[in-house]
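Examining the three-dimensional arrangement
Here is what each chain is made of, one letter per residue.
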Amino acid sequence: PERKLQEAVCVLLVELCERFTFLGIVCNMMVFCTVQLGYRSHQAAVLTVCFVGSSALSPVLAAWLAESLLGRVRLVCICMLLHFLGTALLPVVSFPFEDVYMDRRHLLHTLPKREQKIIFFFALLTASLGIGGIRAIVCPLSAYSLEHCGPKELLSFFNWFHWLVNLNSAVVFVSISYIQQSVARNLGFLIPFVSGLMAMITIHMLRGEMIYKPKTDSSLLRTFGVMVSALRGCCVRQHYFSSTLPSWLDHAKENHGGQHSELQVESTKALARLFPLFTFQVLYRACVMQIPSGYYLQTMNSNLHFSGFVLPVAAMNVISIVPLLILVPVLDCMNSWLFSSKDNAHSPTIYIVLGHFCAALSVMLAGFSEIHRKHFPQVQQTLAEEVLLVSSMPCFHLAPQYILLGVAEALVTPSCSLLSFWLVPERMRGISMHFLALFNGAGCFLGAFFVQTAHAGTQGKSYWFPHLLHEGKLERFFFFLASLMLVNMLGFWSIAHRYNNLHEDCTNGFQGSLPGEKLLKHEKAIKHYNSILESSPILSPMEKS
């Protein structure tokens, strides 16, 4: 137990260092891209959101590479090297050597913009790939030994896990954003580099224990193979025969002309049951991506002065984190009621519906805030040593939209994690979490697509995502996104009943008790019982026989 506790603490330390590194890169990327690299606002927003999306998708890629090509130990070493390279190159880009003094003379030696952008792209790519390996192999949820937890304990774990991650985020947004923006902006990316270095040192010291090796025989390749085989068989049968199978995935079974066992197909069918849930999270994730893009742009163009002090732009993100830090203890108490009675069990889907509504309300409120912001006169404001023309509206007028999106995250993310983890057999839980990450990453790229399309599809002073907010119509973009999110909420509400009554799923044997798994478990139990009989000193030879 003591060794397991030590391993869990080390995994958590690596997780927090990796998140610290990731958030340290993201927190002021909009300011860095627009002010220092000279990108337009929509280009900086697309780049930021795509980096977040690639960091969400890279663990899925890393898991596939570990299973099929490279092996887990070798892949961890490669990802650590990529992570180190990416975080080491970021200070090279952000540090143009313009703050170096020698012999009381100010030296100016900046890299050309083209080289800066090339190095910046390469650094972001390598850092996101390195993040994927660490998240998928060193810090998967399976490493926390959650196999024997019930739904109440799992939801409590996910609540407090996200609480701890967001507490780490609050520290990052307050400290690093202030350093990057006000104290030593060219040294800001050194902090993520140091944090990433600490994570790699921890992995190297305990690499034997921290490289998690899954116990199950399920894999991403096998799951995709079942789906491809089922689609091929379905097309063939519909072309030549009339199909009467209850599910399209049944075409992949060996007794129906497929190539996969009944256990593999039934496990994939349990996973496919979650695809509607995953699909409705895509648009929600696109709304959440407004915090580092659209909301950030609004804050940049608002008055950041507060009592003679210039607030860091990314510090406004803390306002979205505070509701989560407050709500988690409250929700943990509510879980006692949620799972109190097996006869009257409730599902966390009500949390997801409420969270989607809060997200839609947040984006809609952002549109009204944008209209309100334009009614204020413009003033000059210095941001990262650049003078910008911004609205005189205090940035705290944007707080309600941040708060609502923070409430949405507190309600949606732990509940989705619980349903993705609980409503599949034990052997498929890691695959299910990979698919959730896959759809979350797709949501990030959908948000980037919306931003690019909103800018490219409008012209002049009607730009829905303009470079200078007072010259465009950003509120129309927010209203469009809010309307889509309301439709998305109603759509999920219509299918939420599929994921109700978790206790019934467990008692009926849905969770991890497919026929093949039952036989395996009974076989293991018989072997374990026989081994006890063989080694027991209490039983006589007659009793052993």
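Residues numbered from 1 in each chain as written. Predicted model: local features only at pLDDT ≥ 70, side-chain atom pairs only at ≥ 80, totals over all residues. Heavy atoms only, no water.

Selection rule: UniProt positions are given in the numbering used here, feature names are shortened, and annotations may be inferred rather than shown by experiment.
An unreviewed UniProt entry lists the protein chain under the name Solute carrier family 15 member 5, with Grantiella picta given as the organism. UniProt's Function (unreviewed entry) comment on the protein chain is quoted here verbatim: "Proton oligopeptide cotransporter." Quoted verbatim from the Sequence similarities (unreviewed entry) heading of the UniProt record, the comment on the protein chain is "Belongs to the major facilitator superfamily. Proton-dependent oligopeptide transporter (POT/PTR) (TC 2.A.17) family."

1. Thoughts on the environment of Gln 380
Test applied: Helix numbering and strand numbering both begin at the N terminus, where a helix is a DSSP run of H or I of at least 4 residues and a strand a DSSP run of E of at least 2. It only takes one pair of heavy atoms within 4.5 Å for two residues to be counted as in contact.
Locating Gln 380 in the fold gives a position in strand 5 (residues 378-383). Through-space distance from the C-alpha of Gln 380 to that of Ser 391 is 8.5 Å; in sequence the pair is eleven residues apart. Once residues lying within four places of it in the same chain are set aside, the contact partners of Gln 380 are Val 387, Leu 388 and Leu 389.

2. As for helix 3 (residues 41-68)
Which entries qualify depends on this criterion: Helix span is expected to be 1.5 Å times the residue number reduced by one. Bend at a given residue is defined as the angle between two axes, one fitted to the seven residues that end at that position and one fitted to the seven that begin there. Throughout this description, buried means an accessible area under 20% of the type-specific maximum (1.4 Å probe, protein chains only), exposed means over 50%, and partly exposed covers the range between.
The terminal C-alpha atoms of helix 3, which comprises 28 residues, lie 40 Å apart, in line with the 40 Å expected from a rise of 1.5 Å per residue. Within helix 3, the axis deviates most sharply at Leu 57, by approximately 30°, and proline Pro 59 lies no more than four positions further along. Among the 28 residues that make up helix 3, 20 are buried, leaving the element largely enclosed by the rest of the structure.

3. Focus: the nonpolar core
Note the threshold: We define the nonpolar core as a collection of buried residues of types Ala, Val, Leu, Ile, Met, Phe, Trp, Tyr and Cys that are connected through side-chain atoms lying within 4.5 Å of one another. Segmentation into domains, and thus their bounds, comes from an automatic or database assignment.
By size, the foremost hydrophobic cluster in this structure holds 124 residues, and its most contacted members are Phe 120, Leu 277, Phe 278, Phe 435 and Phe 477. Counting residues per element, this core draws most heavily on helix 15 (residues 399-422), at twelve residues. Residue contributions to this core reach at least three from each of two domains, namely domain 1 (1-99 + 112-213) and domain 2 (266-533). When residues no more than four places from it in sequence are discounted, the contact partners of Phe 120 are Met 29, Phe 32, Cys 33, Leu 37, Leu 47, Leu 90 and Val 93. Counting residues in each nonpolar core, the second largest holds five residues, with Ala 62, Leu 65, Leu 75 and Cys 79 among its members.

4. Considerations on the packing of aromatic side chains
Let me state the cut-off plainly: Stacked, edge-to-face and tilted labels apply to pairs of Phe, Tyr and Trp rings (six-membered ring for Trp) whose centres lie within 6.5 Å, assigned for plane angles under 30 degrees, over 60, and everything in between, in that order.
Summed over the entire model, instances satisfying the criterion amount to 21 aromatic pairs. Both rings, one in Phe 32 and one in Phe 120, keep their centres 5.2 Å apart while their planes meet at 50°; by these two values the pair is tilted. With Phe 32 in helix 2 (residues 29-36) and Phe 120 in helix 5 (residues 113-138), this pair connects stretches of sequence that are 88 residues apart. We note that Phe 32, like Phe 120, is buried.

5. Things to note about the pattern of salt bridges
Counted only if it meets this: Salt bridge, as used here: a side-chain nitrogen of Lys or Arg that lies within 4 Å of a carboxyl oxygen of Asp or Glu.
On inspection of all chains with the given rule, the structure shows four salt bridges. The closest approach of N and O atoms between Arg 285 and Glu 409, which form a salt bridge, is 3.6 Å. One end of the pair, Arg 285, is in helix 11 (residues 275-288); the other, Glu 409, is in helix 15, with 124 residues separating them in the sequence. Residue Arg 285 shares its accessibility class with Glu 409, and that shared class is buried.

6. Looking at the packing of helix 11 against helix 14 (residues 349-374)
To be explicit about the condition: Angles run from 0 to 180 degrees between N-to-C directions of axes, and those axes are lines fitted to C-alpha atoms, restricted for helices to the stretch in contact. Orientation is classified from the angle alone, with under 35 degrees giving roughly parallel, over 145 giving roughly antiparallel, 65 to 115 giving roughly perpendicular, and any other angle giving oblique. For a crossing to be left-handed, the near helix must be turned anticlockwise from the far one by less than a right angle; the clockwise case is right-handed. In this classification, the charged set is Asp, Glu, Lys and Arg, the nonpolar set is Ala, Val, Leu, Ile, Met, Phe, Trp, Tyr, Cys and Pro, and all remaining amino acids, among them Gly, are polar.
With their axes 10 Å apart at the nearest point, helix 11 and helix 14 run at an angle of 30° to one another. Judged on the interaxial angle alone, helix 14 and helix 11 are roughly parallel. Here helix 11 runs over helix 14; the crossing is left-handed. Where helix 11 approaches helix 14, its residues Leu 277, Phe 280, Gln 281, Tyr 284 and Cys 287 are matched on the opposing element by Ile 352, Gly 355, His 356, Ala 359 and Val 363. Residue classes in the contact of helix 11 with helix 14 are distributed as seven nonpolar, three polar and no charged.

7. What about a nonpolar patch on the surface?
We count it as follows: What makes a patch is a set of residues exposed beyond 30% relative accessible area and free of salt bridges, joined within 9 Å when like-charged and within 5 Å when nonpolar (Val, Leu, Ile, Met, Phe, Trp, Tyr). Surface accessibility follows the Shrake-Rupley procedure with a 1.4 Å probe radius. Residue values consider only the protein chains on display as shielding.
A cluster of nonpolar residues, Leu 61, Trp 64, Leu 69 and Leu 221, forms a patch on the protein surface that exposes about 370 Å² of accessible area. With respect to the helices, strands and loops of the structure, Leu 69 is situated in the loop between helix 3 and helix 4 (72-94). Taking relative accessible area as the criterion, Leu 69 reaches 57% and is therefore assigned exposed.

8. Structural notes on the confidence of the model for the protein chain
Rules: Predictor confidence is given residue by residue as pLDDT, running from a minimum of 0 to a maximum of 100.
Of all residues in the protein chain, 70% attain a pLDDT of 70 or more, and the chain-wide mean is 75. Counting interchain partners and residues more than four positions distant, the pLDDT-below-50 stretch residues 97-109 has 19 contacts. pLDDT under 50 marks residues 505-514. Its contacts with residues more than four places away, or in other chains, come to 26 contacts.

9. Describing the layout of surface pockets
Quick reminder of the rule: Throughout, the protein atoms alone are placed on a 1 Å grid, and a set of points is a cavity if a 1.4 Å probe fits but cannot get out or a pocket if it is open with protein on both sides within 12 Å along at least five of seven lines; lining residues have an atom within 4 Å of a point. Grid points are joined across faces, edges and corners, and a volume is the space filled by probe spheres set on the points.
As a volume, the second largest pocket reaches approximately 230 Å³. Along its surface, the second largest pocket is lined by 13 residues, and Met 300, Asn 301, Leu 388, His 467 and Leu 468 are the ones closest to its centre. Those elements that place two or more of their residues in the lining of the second largest pocket are helix 2, helix 12 (294-300) and strand 6 (386-391). For the lining of the second largest pocket, the element with the highest residue contribution is strand 6, accounting for four residues. Residues that form the lining of the second largest pocket fall into these classes: seven nonpolar, five polar and one charged.

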